[in-house]
Amino acid sequence: MNRPALLVIAHGSRDPRHAATVRALVRRAGALRPGLRVETAFLDFNLPSVPGVLDRLAADGVREVVALPLLLTRAFHAKADIPAVLRQAPPYLDIRQAEVLGPSPLLIAAVERRLHEAGLTPGDKSTTGVVLASAGSTDPEAIAVIAETARELRRTGWCSVRPAFASASLPRTEEAVRALRTEPGVRRVAVAPYVIAPGRLPDRIAAGAAGADVLADVLGASPELARLLVTRYDGALAARKPVARTA
């Protein structure tokens, strides 16, 4: 088994539910590729760290790694933090940074899975307004991607879909819930957290959903996300773009 190892890089959180959810997702993705070495690392708060895992992979004789940011958009962590830490890897590691998870039809499918698990049926779509509630970002590119994801979700048949943000951007979840209540045709309002794992900002989303009729779960270790991790791994191998090293 000489395939490059897959290193999934998550942000990390003081909330223990975050790391547990990330690890469950990575295990599910690894099960889709028996024999592939799959590792998890965190940028902050949790262990193992990215440098620690890279050093361990190098010590074990691994020479090729695909580093996959466990992020829904290309915001600061994907553009700056992760490339910076990867550039400090052992020099004999060939590292390729995969694309972030979003946008992707698989993410839309995962959101709908969580909405259905929360009690909504396909027959409810035409009378249900959905708040697509993300963590938030100051990066205009990331905000644009969330807005486009909301439009794509709307095209699947929901009565209306509005993006919302737990931090950095507006509107907040509760504001989007109130706005949907005023829209013609909306009989119920659902909040779909567009976040991967539980934590402080997802809890803020849940608090903002108090006025909604339905609150879905975070995306978590859904089969769609597991498939998406493997898809991004394959894409990085096809692209063959190594990480630039420091001089």
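Residues numbered from 1 in each chain as written. Predicted model: local features only at pLDDT ≥ 70, side-chain atom pairs only at ≥ 80, totals over all residues. Heavy atoms only, no water.

1. A look at the side chain of Ser104
Heads up, the condition is: Helix and strand assignments come from DSSP, with helices taken as H or I runs of at least 4 residues and strands as E runs of at least 2, each series counted from the N terminus. For each residue, the accessible area found with a 1.4 Å probe, counting protein chains only, is set against the maximum for its type, and the residue is called buried under 20%, exposed over 50%, and partly exposed in between. We call two residues in contact when some of their heavy atoms are within 4.5 Å.
Here Ser104 is to be found in the loop between β4 (94–97) and α4 (105–117). By relative accessible area, which is 13% here, Ser104 ends up buried. Not counting chain neighbours up to four residues away, the residues in contact with Ser104 comprise Leu228 and Arg232.

2. Details of the layout of surface pockets
In this approach the atoms are scanned with a rolling probe the size of a water molecule, which exposes any empty space left behind. We count it as follows: Only protein atoms enter the 1 Å grid, on which a cavity is a set of points fitting a 1.4 Å probe that cannot get out and a pocket is an open set with protein on both sides within 12 Å along at least 5 of 7 lines, lining residues being those with an atom within 4 Å of a point. Grid points are joined across faces, edges and corners, and a volume is the space filled by probe spheres set on the points. Basically, the charged four are Asp, Glu, Lys and Arg, the nonpolar ten are Ala, Val, Leu, Ile, Met, Phe, Trp, Tyr, Cys and Pro, and anything else, Gly included, counts as polar.
Put simply, the largest pocket is a space of about 960 Å³. The wall of the largest pocket is formed by 34 residues, among which His11, His77, Ala135, Gly136 and Leu201 lie closest to the centre. Those elements that place two or more of their residues in the lining of the largest pocket are α3 (76–86), α5 (140–154) and α7 (200–208). Of the residues belonging to the lining of the largest pocket, the class tally is 20 nonpolar, 12 polar and 2 charged. There is about 300 Å³ of room inside the second largest pocket. Forming the boundary of the second largest pocket are 16 residues, of which Gln97, Ala98, Glu99, Val100 and Lys241 lie nearest the centre. Looking at the lining of the second largest pocket, the elements that each hand over two or more residues are α3, β4 and α8 (223–239). Residue contributions to the lining of the second largest pocket peak at 5 residues, all from α8. When its residues are assigned to classes, the lining of the second largest pocket shows 6 nonpolar, 3 polar and 7 charged.

3. A word on the environment of Val218
Position of Val218 among the secondary structure elements: in the loop between β8 (214–215) and α8. Linking Val218 and Ile196, residues 22 residues apart in sequence, is a C-alpha distance of 5.8 Å. Excluding residues that lie within four positions of it along the chain, Val218 makes contacts with Arg114, Pro193, Val195, Ile196, Ala197, Pro198 and Pro202.

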